[in-house]
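# Close look at the chain arrangement
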Amino acid sequence: MSLAGAAFGQATTGAIFGQVPNGAGQTVKIESGSGFTREVAIDASGRYSASSLPVGTYTVTLLKDGQTVDSRNNVSLRVGGGVEVDLGASASNAQELSAISVSANALPSIDVTSVDSRTVITSQDLQRLPLNRTAESIALLAPGTVSGSGYFNNAVSFGGAGVTENAYYINGYNTTNPLNATGGVGLPYGAIDQQQVLTGGYSAKYGRSDGGVINQIGKSGTNEWHFGAQVQWAPAFAAADPADIYFPKRNLPAGYGYTDPSLPGTLYRSRKGNTSWETTYSAYVGGPLIKDKLFFFLAAEADKEQGKSTSSILAANTNNTYYSYDRPKVYGKLDWNINQNNVFELSVVHDKNEYEGTQYGYDYGTGTATGDLIGHDTTNKSSSDYYIGKYTSYITDDLTVSALYGWSKTEDYQVVPGGSANPYLSRPDLQDPAATGGAIIRNDQTQLYTQNPNANNKTHGLRLDAEYRLGDHTLSAGIDNMYFYSSDEGQQLTGPNYAWLYGKTSQPNQPLSTTFGIAAPGGDGYYVRRYVFDNVTSMSVKQKAYYLEDKWQVSNNVLLSLGLRNDKFTNYNNAGQAYINNDNQWAPRLGVSWDVFGDSSLKVYGNLGRYYLALPPSVAIRGASASTFTYEYFTYTGVDANGEPTGLTALGPGPVSTNNEYGTAPDPKTVAATNLKSQYQDEVQLGFDKSLGDSWVTGAKATYRQLQTAIDDVCDTDALAAKAASMGVDPDTLAIRGCYIFNPGETNTFRLNHVDGSGFTDVTMRNSDWGFTEGAKRKYYALDLYLEHPFDGKWQARVDYTFSRSYGNTEGQVKSDIGQTDVSKTSDWDTAALMENSYGLLANHRRHQLKVRGSYQVSPEWMVSGALRVQSGAPKSCIGYYGTNEGDPSGYYANYHWCAGQPSAPGAAGSNPWTKKLDLNVTYRPAFADHKLAFGLDVFNVLNETKALQTDATFEDDRYTVSNTYNQGIFFEAPRYVRLSASYDF
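Once a new chain begins, its residue numbering starts again from 1 and follows that chain's sequence as written. Local features in this predicted model are restricted to residues of pLDDT 70 or higher, and side-chain atom pairs are both shown and tallied only at a pLDDT of 80 or more, whereas totals for entire chains, interfaces and linings draw on every residue. Hydrogens and waters are ignored; side-chain quantities use all the structure's heavy atoms.

Of regular secondary structure, the protein possesses six helices and 62 strands. Its C-alpha radius of gyration of 30 Å places the protein within 12% of the 30 Å reference for a compact globule of 986 residues. Seen through its principal axes, the protein has C-alpha atoms that stretch 100 × 70 × 45 Å. Burial here depends on accessible area, computed with a 1.4 Å probe over protein chains only, as a share of the maximum for the residue type. Under 20% is buried, over 50% is exposed, and the range in between is partly exposed. Here the protein, with 986 residues, has 59% of them falling under the buried criterion. Residue contacts are defined here by distance: any two heavy atoms, one from each residue, within 4.5 Å place the two residues in contact. Expressed as a percentage of contacts within the protein between residues at least 6 apart in sequence, the contacts between residues at least 24 apart total 70%. Using a 1.4 Å probe, the Shrake-Rupley method yields the accessible areas, and only the shown protein chains count as cover for residues. Surface exposure of the protein reaches about 36,200 Å², of which carbon and sulfur atoms provide 53%. For the protein, the distance from the average site of its 76 positive side-chain charges to the average site of its 98 negative ones is 3 Å. The numbering of helices and of strands both runs from the N terminus, where a helix is a DSSP run of H or I of at least 4 residues and a strand a run of E of at least 2. In this treatment the radius of gyration is a C-alpha quantity, and the globule benchmark scales as 2.2 Å times the residue count to the 0.38 power. Asp and Glu are treated as the negative residues and Lys and Arg as the positive ones, with His and the ends of the chain left uncounted. By convention, the point assigned to a charge is CZ for Arg, NZ for Lys, CD for Glu and CG for Asp.

Shown next as structure tokens:
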């Protein structure tokens, strides 16, 4: 099958092509509902092709001497796909190559022109299926995608990758979270024309991702006026209460005791009445400002949620938080057909997420609310604005160029209303009763952290793309540049900029830390820590790339895709000084598609590629800028009325910091290894798609991914000093910092300052110099099977099954088991002791996944639909103190892969339970309203399953002192709830 042509960049377009017997000298006219028109010539072999067409619905007409010879109506394009429309006497139908509905024909859904793995969900799919209104919920329909840890707001993991390793796009512009790459901005639900989910094998035009891509295309206006409105309501009375949570109760190994022996088996958190109501209002309008010339589309969505959440019994102040979310979104688009060969598009996106809460007292002794106002939860306001312009010029039938420029600003406002001047108190339930008279003394400080209210992020980016068709080759080239600027980001403590952390050890005569010289507290084991933390800073990143690609139609049945991408990433600190500069990162991409029988009924395909991942701006926080992170240990004899300890006796030398974070900014030349390489991953896929008659399609795909290089930080200053000494350099003459950014498992060279300011000394560290026995490992393999019946006007169904394994010693840029969001600065790889027993099943591993979705048009007025997701549970971890004698050689407390004195690799503690989620919908469109009025009922989690999705992995609070919350559920399935809707579309 002849090549359809390519779609530009972060694809926003598709292609139409086909055969015309004896068509030489004739032309094909392609016209959209917006008046956009292209005429292309038919070559000597009877082929024609029109690429880089905006997604939409087209009429394709064969012209001879200006007269219509043949025509096809309602030819719909999916983003990144191609539609074959054969015209003339021998054309029996329009053949769809990317699961696109063309006219009313029964069409095979096999795209023989693609070599990647993609799932495209259209606005029609979104209308039919019961889904939450987020880009992530849509992405989870794709095989191989799973929800990440709740610590990251359930961001999506693709193919075993970390949740920060994805890329988000709207109309071709990068909308990934500009600070830390966790999640991204999506369109109002009703403004989504199509969402493309790429799960592997994507072309050299895509970069900065080794997980997956979420690519949303917004709707556009046409020559016909359309408007509509919808209201959705999820009432609290129709929602099930989440289950109460109890402290785990288990038999402990000999010599171990709970931090509080009275808690096992008792109530940890009451969740009775912890429900919410949510209302969403949305509306849209679109049409021509000037017929065939200028069009607009405008959509707005206002989502509001209110509810109650009860704190745990261990909270600084036990409370009921009455919270509200406001989530307005606006999308606008102008399309200007300058003339037949030139098109301009302008998109505007506004996305806001505001949270606020008020806290009232809750008495766990009586199980009732006291009604006393405690204070306020942290108010968060994240507001993003994106402006995206794209110009496309069809210079000739064979040459197309485009330019895209975008700009954004995100305000990241956070404040505690009426913030208290008192310090935050952690675990006041562990105050020494001899010092308090048996009472628990609290204060009015409700939050531990806050941030600078001026925090914000800005981006701008430029893409230039060119495509030229030369015989059997479609050649593409372009540049892809992005710039990120973050100001006043990070965290600091509330109140007086310190907090008190109360604690108790079950071994009062054992030192709390031999590493830092912290003595035993004695007595009954009570002690307190004074905690200081501040890492607010500014930073920026530049990411530049260029690519070359050739889609070569080797024969009528074989297509080769040959691509090469070169990326350059530069990270800057708050002074604008570069501390990481990675260039000449060549990423080859090779793909092949074989149309076995030449009729698009069986495709065998494969791809092999390398994918580089940039470091987001947030790496500078605690990594390349000044930060303070200290503890100071005391015993005490009293507690004042504000909960602050009195009669302090120091147990150690003063403030101590695991990573030497005492508020000094590092020299940018010394932050990272001088030969640092970017994280990259290699991937290979092999699969087939096969049509079964006219109505069914099936297929299978095998995937293997291997992380080749990772980036994290290493913090073993003793190992660096020892290596310097072996070189004949006195370590006391070097200013050795706490942590350095490096490539685990590689040979890294570090530049160390001289204490006297006279210069630097380079120290080269092999893997063995740190004491590591292996490098960073992450491997993923999967087998995906599917069976689909595309929607034929009556019904649609798809079943996906994935068997997979994700394993190694490095999850990626973040660490889910303890919720560490410090991108590429996790506790992994800080010391060799922390990496012992670290090889196992990774956090995003799910061995089995079954996904089923479908819809059935019962009658012209009634439709039912559903979605089912069944999967095995995530692996559990147990982390504690080091070795058989409960040591702490690195000063990291209970953060080693040891559990009760035994080695404990990730997954060795078992797995969380299997989960199954069934969502159902019924929609009624009465005939008296011409089916334009619709009433809907969605029921989510019909079976009301509320199992734990993740459990607490930290075994101990202190040596031989087991945490009361170890192996307790942290994040759970959302209980059943109901959503009602009414809409009108004209």
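A separate point is the nonpolar core. Throughout, nonpolar core names a set of buried Ala, Val, Leu, Ile, Met, Phe, Trp, Tyr and Cys residues whose side chains join them through atoms within 4.5 Å. If you look at the biggest cluster of nonpolar residues, it comprises 42 residues, and the most contacted ones within it are Y579, L720, I741, F750, L752, W770 and F772. Sorting the residues of this core by element identifies strand 36 (578–595), helix 4 (717–726), strand 46 (740–742), strand 47 (748–754), strand 48 (760–765) and helix 6 (832–835) as the ones contributing at least two each. When residues of this core are assigned to their parent elements, the largest contribution, four residues, is made by helix 4. Excluding residues that lie within four positions of it along the chain, L720 makes contacts with I736, Y740, F750, L752, V763, M765 and W770.

What follows is about the sheet that holds strand 6 (residues 67–76). Note: two strands are recorded as paired if DSSP finds a minimum of 2 bridges between them. With antiparallel pairing, four strands are arranged side by side in an open sheet as 3-2-5-6. One side of each edge strand has no neighbouring strand; the edge strands of this open sheet are strand 3 (37–41) and strand 6. Direction aside, the axes of adjacent strands within the sheet are offset by 20° on average. Inspection of the sheet shows strand 5 (residues 57–64) paired to strand 6 by seven bridges, in the antiparallel sense. Counterpart to V60 in the pairing with strand 6 is R72. Axis definition: a line fitted to C-alpha atoms, over the contacting stretch in the case of helices. Angles run 0 to 180 degrees between N-to-C directions.

Attention now goes to the UniProt feature "short sequence motif: TonB C-terminal box" (unreviewed entry) in the protein. UniProt positions are given in the numbering used here, feature names are shortened, and annotations may be inferred rather than shown by experiment. The UniProt feature table records "short sequence motif: TonB C-terminal box" (unreviewed entry) at residues 969–986. Note that residues 969–986 is 0% helix and 72% strand, and that its end C-alpha atoms are spaced 47 Å apart.

As a further point, take the state of the cysteines. For the purposes of this analysis, a disulfide is any pair of cysteine sulfur atoms at a distance within 2.5 Å. By the definition in use, this model includes two disulfides. Put simply, C715 and C739 are joined by a disulfide, and their sulfur atoms are 2.0 Å apart. Its torsion about the S-S bond being 110°, the disulfide of C715 and C739 is classed as right-handed. Taken together, the positions of C715 in the loop between strand 44 (712–714) and helix 4 and C739 in the loop between strand 45 (734–735) and strand 46 put the pair 24 residues apart, joining distant regions of the chain. Side by side, C715 and C739 carry an identical accessibility label, which is buried. Each disulfide pairs two cysteine sulfurs, and for C878 the partner residue is C899, the sulfurs being separated by 2.0 Å. Every disulfide takes its handedness from the sign of the S-S torsion; for C878 and C899 that torsion is 65°, giving right-handed. You can see C878 sitting in the loop between strand 53 (862–871) and strand 54 (898–899) and its partner C899 sitting in strand 54, a full 21 residues away along the chain. Across the pair, exposure class does not vary: C878 and C899 are buried alike. Shown here for the protein is a disulfide pattern of 1-2, 3-4, where each number marks a bonded cysteine counted in sequence order.

With respect to the helices and strands, D193 occurs in strand 14 (residues 192–200). Put simply, D193 is tucked away with no salt bridge, and the nearest opposite charge, on K219, sits 6.7 Å away. Once residues lying within four places of it in the same chain are set aside, the contact partners of D193 are V55, I121, T122, S123, I217, G218 and K219. Salt bridges are defined by distance alone: a side-chain nitrogen of Lys or Arg within 4 Å of a carboxyl oxygen of Asp or Glu.

Right, let's get into the pattern of salt bridges. Within the structure shown, the criterion is met by 47 salt bridges. In this structure, the salt-bridge partner of K304 is D326, at a minimum N-O distance of 3.3 Å. Here the residue K304 occupies a position in strand 21 (residues 294–310), and D326 occupies one in strand 22 (residues 319–339), the gap between them amounting to 22 residues. Looking at K304, the relative accessible area reads 28%, which means it is partly exposed. Overall, D326 belongs to the partly exposed group, its relative accessible area being 27%. Taking the shortest distance from any N to any O, the salt bridge between D465 and R463 comes out at 2.9 Å. Given a relative accessible area of 5%, D465 falls into the buried group. Of the residues examined, R463 reaches a relative accessible area of 4% and is grouped as buried.

With that settled, consider a nonpolar patch on the surface. Patch definition: residues with relative accessible area over 30% and no salt bridge; like charges joined within 9 Å; nonpolar side chains (Val, Leu, Ile, Met, Phe, Trp, Tyr) joined within 5 Å. Nonpolar side chains collect at one region of the surface, where L289, I290, L334, L346, V348, Y387, Y405, W407, L462 and L464 lie side by side and expose about 820 Å² of accessible area between them. Sorting the residues of the nonpolar patch by element identifies strand 20 (276–290), strand 23 (342–363), strand 26 (399–415) and strand 29 (456–470) as the ones contributing at least two each. Assignment of secondary structure puts L346 in strand 23.

What describes a pair of aromatic rings is the distance from one ring centre to the other and the angle between the planes of the rings. Working definition: a ring pair exists when centres of Phe, Tyr or Trp rings (six-membered ring for Trp) sit within 6.5 Å. Plane angles under 30 degrees give stacked, over 60 give edge-to-face, the rest tilted. Under the counting rule described, the total for this entry stands at 47 aromatic pairs. Measuring from ring centre to ring centre gives 5.9 Å for Y498 and W500, while their planes differ by 80°; the resulting arrangement is edge-to-face. On the basis of relative accessibility, which here comes to 15%, the residue Y498 falls in the buried class. By definition here, charges over rings are those cases where NZ of Lys or CZ of Arg is within 6 Å of the ring centre and within 35 degrees of the ring normal. Over the aromatic face of Y498 sits the side chain of R530, whose NZ or CZ is 4.2 Å from the ring centroid. The positively charged end of R805 is found above the aromatic ring belonging to Y807, 4.4 Å away from the centroid.

Another point: unusual backbone geometry. Of note, the phi angle at R208 is positive, near 60°, even though the residue is not glycine. You can see R208 is positioned in the loop between strand 14 and strand 15 (213–218). Of note, A900 is a non-glycine position whose phi angle comes to about 55°, a positive value. As for its position among the elements, A900 is in the loop between strand 54 and strand 55 (902–903).

Judged by pairing direction, the sheet is antiparallel, and its three strands sit side by side in the order 45-47-48 without closing on themselves. Each edge of the open sheet carries a strand with a single partner, namely strand 45 and strand 48. With six bridges connecting them, strand 47 and strand 48 associate as antiparallel partners. Counted as the bridge partner of R751 is D762 from strand 48. The sheet contacts of helix 4 involve strand 45, strand 47 and strand 48, and relative to strand 48 the element is tilted by about 105°.

As for its placement among the helices and strands, I338 is situated in strand 22. Sequence separation between I338 and I217 is 121 residues; the distance between their C-alpha atoms is 21 Å. The residues contacting I338, other than those within four sequence positions of it, are K293, F344 and Y391.

Attention now moves to the pairing of strand 36. Each regular strand displays side chains that alternate between the two surfaces of the sheet. Relative to strand 36, strand 35 (residues 558–572) runs antiparallel, the two sharing 14 bridges. Bridging across to strand 36, N566 finds its partner in W586. Between strand 35 and strand 36, which pair antiparallel in sequence order, lie five residues; one of them, G576, sits at a positive phi of approximately 75°. As paired strands, strand 36 and strand 37 (residues 602–613) are joined by seven bridges and run antiparallel to one another. What sits directly across from L590, in strand 37, is L608. Linking strand 36 back to strand 37 in an antiparallel pair, the connection comprises six residues, with G598 at a positive phi of about 75°.

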